[in-house]
Amino acid sequence: MLLVSRLAMRDLRRRRAEAALLLLCVLAATTTLTLALVLHDAASDPYQRTRAITKGPDVVATGPLSRLETLSGASGVAGHSGPFPVTAAKLRTSSSKTSDVQAVGRDSNAATVDQPLLTDGAWAGPNGVVLEAAFARALDVGVGDQVTLAGRSFSVTGVAITASSAPYPGSLCLVPRGCVTGSTEGAPAGVLRNPGLVWLTRADVMSVAQKADNQFAVLNLKLADPDGAQAFIDANGGRGPRALPMHPWQNILGDATELAHDSQILLFIGTWLLALLAVASLSVLVGGRMADQTRRVGLLKAVGATPGLVAAVLVAEYVMVAVSAAGGGLAIGTFTAPLLTGSSAGLIGGAGTPSVTLPTIVWVITAALAVAVIATAAPAVRAARSSTVDALADAPRPPRRMRRLTAVSSRLPIPLLLALRLAVRRPRRVLLGIAIVLITVSGIYVLLILNTYLGTQELSGGYGAAQVEVLRHVLLVWSVILLSLAAVNTIAITWATVLDNRHASALVRALGATPAQMTTALVGAQVLPALLGAVLGVFPGGPVLFHLINAIAGGAGDRATLPTPWQATALIAAVLVVVAALTAVPARVGGRRPVTETL
């Protein structure tokens, strides 16, 4: 084991640039996987912690005082707080920001059920108001600021979190006039639009209460069987024409963590795409490194190394890189996650403190090792089983003869002729190149759809501008990693082609081809597969991936705007230009190698 580790480490030091490319490939996939797993925890843990610490209710009921007082004594109720008066009002900040709010009148004494937890300041006294944390952040209001409610001036005395309602803008509707969250287009007159939640004293609530809200209140219930919240609602007037509005804690959990869930779906899809790209890139890099290490394999076998030892040394290099990348991905994902958990700002631990659990660490390391082993095992075993004499000779592979291709290419310009023949020499590498571009373009196609959708429509889930911005951050992370890994793949494929065709390229130059023609041929050998991959990525790859995401997320795919034909054409053209630009430098280096040195 020690010998294998020393040989693997020595080879990584000798080829630092290639080791860095390997690290980047796996790092991209592990970072995205870490973000997806952390957001999976963010979709439940912060709310559960908030619910435990704030003595969250199992059922929240709103309605006339007389009916709520009767409900508090219903069978199955283990405890309650309230009824508390509630009213609708218009809030205005000192910076002239306005918003509809639902103001709840609370006692100064601690409640046994649903006691909001102050994160800043003190509880509301006369002429004082406490704002729900996510609502305060959205308005950029803090302790000491002045706001007006229904024309009356109040001082913000505190900021608090609660488990009785989802954070802003997903607050429960507590008033009889009704509320609309998300898109307010076509909303009836008089309803509250994306209301925030605030707490006042009982007396202050009654002083700002409107006539329509008089004698309306909210009741928080603790049940003997919390899991049977919906059954309790069904049995106690929660259905029918005179149904009393009641909300089980499970629905509040779903509303509170919906954004983290949607972000998680996007990142998991991105993780699968990046994992496929990582396997493809590693396969290309492994092929290139194996071509460059043929003589080293022969030397190891010549001094007595068994095929098993040789294969172990080759695989160990990638396992070391994979473990390092897993550690880096865990670190980057942990520090980046707070940017993508903004929807949990009104929950304990929801913003800035995502935790990486042991299962997350195990999943990320296992995924990194799986990617490395899947991509390297077969080439390493094949290289280890090669003939020692052939490996020491490091002779070039004979080209594949294809009569039809020879007949067609003979009539083409020299650069295009050479490009076709270079591509055909390694058909599996061409297929990998097509797959890499197809995956990348499919991802970009979906990103265009989602970005347009976020920019032109409100989401049906009740997201406001802040939540849309969080989803844009998710798409930005996905797009940056996807494009970066695709760029690394393109450079890696070109360099692998340069290494694999160094003898053939030198022979062609010896027969009269110029360095410029050879460089153009190497670039063309990458652009031709990229063209096919880009076309397949636009159709059917992109639409299929979009419908897959839509099916998983349960979205309204018919409301999305697909890229227009000219946008799709521009995307294909941009991909070809970028591929040509990325391959130009390694192709130029390979095309200008001294002929005598190579031969």
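Peer 1: A description of the overall build of the protein should follow, citing residues and the corresponding values.
Peer 2: Secondary structure summary: the protein contains 21 helices and 12 strands in total. Sorting the 599 residues of the protein into buried and exposed places 51% on the buried side. A fraction of 83% describes how many contacts in the protein between residues 6 or more apart in sequence connect residues 24 or more apart. Surface summary for the protein: the accessible area is close to 26,300 Å², and the carbon and sulfur share equals 63%.

Peer 1: Give me the lowdown on the packing of aromatic side chains, citing residues and values where you can.
Peer 2: Counted according to the given criterion, the structure contains two aromatic pairs. Between Trp 123 and Trp 199, the aromatic rings sit 5.9 Å apart at their centres with planes inclined by 40 degrees, giving tilted as the arrangement. Of this pair, Trp 123 sits in the loop between β4 (117-121) and β5 (128-132) while Trp 199 sits in strand β10 (residues 196-201), and the two are 76 residues apart along the sequence. Considering the side-chain rings of Phe 135 and Tyr 168, the 5.0 Å spacing of their centres and the 55 degrees angle between planes classify their relative orientation as tilted. Highlighted residues: Phe 135 in helix α5 (residues 133-139) and Tyr 168 in the loop between β7 (152-161) and β8 (179-180), separated in sequence by 33 residues. Judged on exposure class, the residue Phe 135 and its partner Tyr 168 are both buried. One cation-aromatic arrangement involves Arg 51 over Trp 249; the distance from NZ or CZ to the ring centre is 4.3 Å.

Peer 1: Could you give an account of the side chain of Thr 201, naming the residues involved and the relevant values?
Peer 2: Structurally, Thr 201 can be placed in strand β10. Classification of Thr 201 by relative accessible area gives buried; the value is 17%. Those residues within four positions of Thr 201 in sequence are excluded, and the remaining contacts are Gly 105, Arg 106, Ala 124, Gly 125 and Pro 126.

Peer 1: An account of the pairing of β10 is requested, with residue identities and associated values reported.
Peer 2: Of all six residues making up β10, six are buried, and the element is well covered by its neighbours. The pairing of strand β3 (residues 98-106) with β10 spans six bridges and is classified as parallel. Across the sheet, Val 101 pairs through a bridge with Gly 196, a residue of β10. Both β5 and β10 contribute to a ladder of two bridges, which runs antiparallel. Bridged to Val 130 within β10 is Trp 199.

Peer 1: Can you tell me about unusual backbone geometry, naming the residues and giving the values?
Peer 2: When glycine is set aside, most residues are seen to have a negative phi, and most peptide bonds are trans. Residue Pro 540 follows Phe 539 across a cis peptide bond; omega there is 10 degrees. By the element assignment, Pro 540 lies in helix α19 (residues 515-553). A positive phi angle, close to 70 degrees, is found at Ser 96, a residue other than glycine. Assignment of secondary structure puts Ser 96 in the loop between β2 (77-93) and β3. The phi angle at Asn 127 is positive, at roughly 60 degrees, despite the residue not being glycine. Structurally, the position occupied by Asn 127 is in the loop between β4 and β5. Under the relative-accessibility criterion, Asn 127 is labelled partly exposed at 41%.

Peer 1: For the pairing of strand β6 (residues 146-149), give the residues involved together with the corresponding values.
Peer 2: Every second residue of β6 is oriented toward a common face, the buried set being Val 147 and Leu 149 and the non-buried set Gln 146 and Thr 148. Of the strand pairs in this sheet, β2 and β6 are connected by three bridges, and their pairing is antiparallel. Bridge pairing in β6 links Arg 92 to Thr 148. The turn joining β6 and β7, which pair antiparallel and follow one another in sequence, is formed by two residues; a positive phi near 50 degrees is taken by Ala 150.

Peer 1: Before we move on, can you summarise the environment of Leu 562 with the specific residues and values?
Peer 2: Looking at the element boundaries, Leu 562 is found in the loop between α19 and α20 (565-591). Distance from Leu 562 to Leu 450, taken between C-alpha atoms, is 9.3 Å for residues 112 residues apart in sequence.

Peer 1: Please give an account of helix α15 (residues 414-425) that cites residues and values.
Peer 2: Over its 12 residues, α15 extends 17 Å from the first C-alpha to the last, a length consistent with the 16 Å expected when each residue adds 1.5 Å. Looking only at α15, the buried set comprises Leu 417, Leu 418, Ala 419, Leu 422, Ala 423 and Arg 425.

Peer 1: A description of the pattern of salt bridges should follow, citing residues and the corresponding values.
Peer 2: What the rule picks out here adds up to six salt bridges. Ionic pairing is found between Arg 106 and Asp 114, a salt bridge with its closest N-O pair at 3.2 Å. Pair check on accessibility: Arg 106 and Asp 114 agree, each one buried. Each of the salt bridges in this network shares a partner with another, and the network as a whole consists of Arg 51, Asp 58 and Lys 222.

Peer 1: Before we move on, can you summarise empty space enclosed by the protein with the specific residues and values?
Peer 2: Summed over all chains, the structure comprises four cavities of 30 Å³ or more. If you add up the space inside the largest cavity, you get close to 190 Å³. Put simply, the parts of the chain that give the lining of the largest cavity at least two residues each are α15, α16 (427-456), α17 (465-500) and α19. Ranked by residue count, the leading element in the lining of the largest cavity is α17, at six residues. The class makeup of the residues in the lining of the largest cavity is 11 nonpolar, seven polar and two charged.

Peer 1: Hey, could you go over the environment of Lys 222 for me, with residue numbers and the actual values?
Peer 2: With respect to the helices and strands, Lys 222 occurs in strand β11 (residues 216-223). For Lys 222, a relative accessible area of 28% corresponds to the partly exposed category. Sequence separation between Lys 222 and Thr 112 is 110 residues, and the spatial gap between their C-alpha atoms is 9.1 Å. If near-sequence neighbours (up to four positions away) are discounted, Lys 222 is found in contact with Arg 51, Gly 56, Asp 58, Gly 76, Val 77, Ala 78, Gly 79 and Val 113. Reaching out from Lys 222, the side chain makes a polar contact with the backbone oxygen of Gly 56 at a distance of 3.1 Å.

Peer 1: An account of helix α8 (residues 249-256) is needed here, citing residue identities and associated values.
Peer 2: Of all the residues in α8, the buried ones are Trp 249, Ile 252, Leu 253 and Ala 256. Down the axis of α8, the sector holding all buried residues measures 105 degrees, keeping them to one side.

Peer 1: Break down the environment of Arg 421 for me, citing the residues and quoting the values.
Peer 2: Looking at the secondary structure, you find Arg 421 in helix α15. For Arg 421, a relative accessible area of 34% puts it in the partly exposed group. When the C-alpha positions of Arg 421 and Ala 521 are compared, they lie 9.2 Å apart, and in sequence the two are 100 residues distant.

Peer 1: Outline the confidence of the model for the protein, listing residues and values.
Peer 2: With 70% of its residues at a pLDDT of at least 70, the protein reaches an overall mean of 76. Per-element confidence in the protein is highest for β5, whose mean pLDDT is 92, and lowest for helix α13 (residues 388-393), whose mean pLDDT is 57.

The rules behind these values
- Within every chain, residues take consecutive numbers counted from 1 along the sequence as written.
- Restriction of local features to residues with pLDDT of at least 70 applies here, the model being predicted, together with a cutoff of 80 or more for giving and counting side-chain atom pairs; totals for whole chains, interfaces and linings are based on all residues.
- To obtain the side-chain values, all non-hydrogen atoms of the structure were used and water was disregarded.
- For the purposes of this entry, the term helix denotes a DSSP run of H or I that reaches at least four residues, the term strand denotes a run of E that reaches at least two, and both are numbered from the N terminus.
- Exposure categories follow from relative accessible area, calculated using a 1.4 Å probe and restricted to protein chains: below 20% of the type maximum is buried, above 50% is exposed, and the middle band is partly exposed.
- Only heavy atoms matter for contacts: two residues are in contact if any of them lie within 4.5 Å across the pair.
- Residue-level accessible areas treat just the shown protein chains as cover; the underlying method is Shrake-Rupley with a 1.4 Å probe.
- In this scheme Phe, Tyr and Trp rings, the latter by its six-membered ring, pair at centre separations within 6.5 Å, and the angle between planes marks the pair as stacked below 30 degrees, edge-to-face above 60, and tilted otherwise.
- By definition here, charges over rings are those cases where NZ of Lys or CZ of Arg is within 6 Å of the ring centre and within 35 degrees of the ring normal.
- Pairing between strands requires that DSSP locate at least two bridges from one strand to the other.
- In this analysis, the expected span of each helix is defined as 1.5 Å times one less than the number of residues it contains.
- One speaks of a salt bridge when a side-chain nitrogen belonging to Lys or Arg is within 4 Å of a carboxyl oxygen belonging to Asp or Glu.
- Using a grid of 1 Å spacing that covers the protein atoms alone, one calls a set of points a cavity when a 1.4 Å probe fits there but cannot get out, and a pocket when the set is open and has protein on both sides within 12 Å along at least five of seven lines; lining residues are those with an atom within 4 Å of a point.
- Grid points are joined across faces, edges and corners, and a volume is the space filled by probe spheres set on the points.
- Any residue that is not Ala, Val, Leu, Ile, Met, Phe, Trp, Tyr, Cys, Pro, Asp, Glu, Lys or Arg is counted as polar, Gly included; the first ten are nonpolar and the last four charged.
- In protein, a polar contact means a hydrogen-donor-capable atom and an acceptor-capable atom, both N or O and within 3.5 Å, with residues adjacent in sequence counting only if both atoms are side-chain atoms; elsewhere, any N or O pair within 3.5 Å suffices.
- Arc definition: directions from the helix axis to the C-beta atoms.
- One number per residue, pLDDT, summarises how confident the predictor is, and it ranges from 0 to 100.

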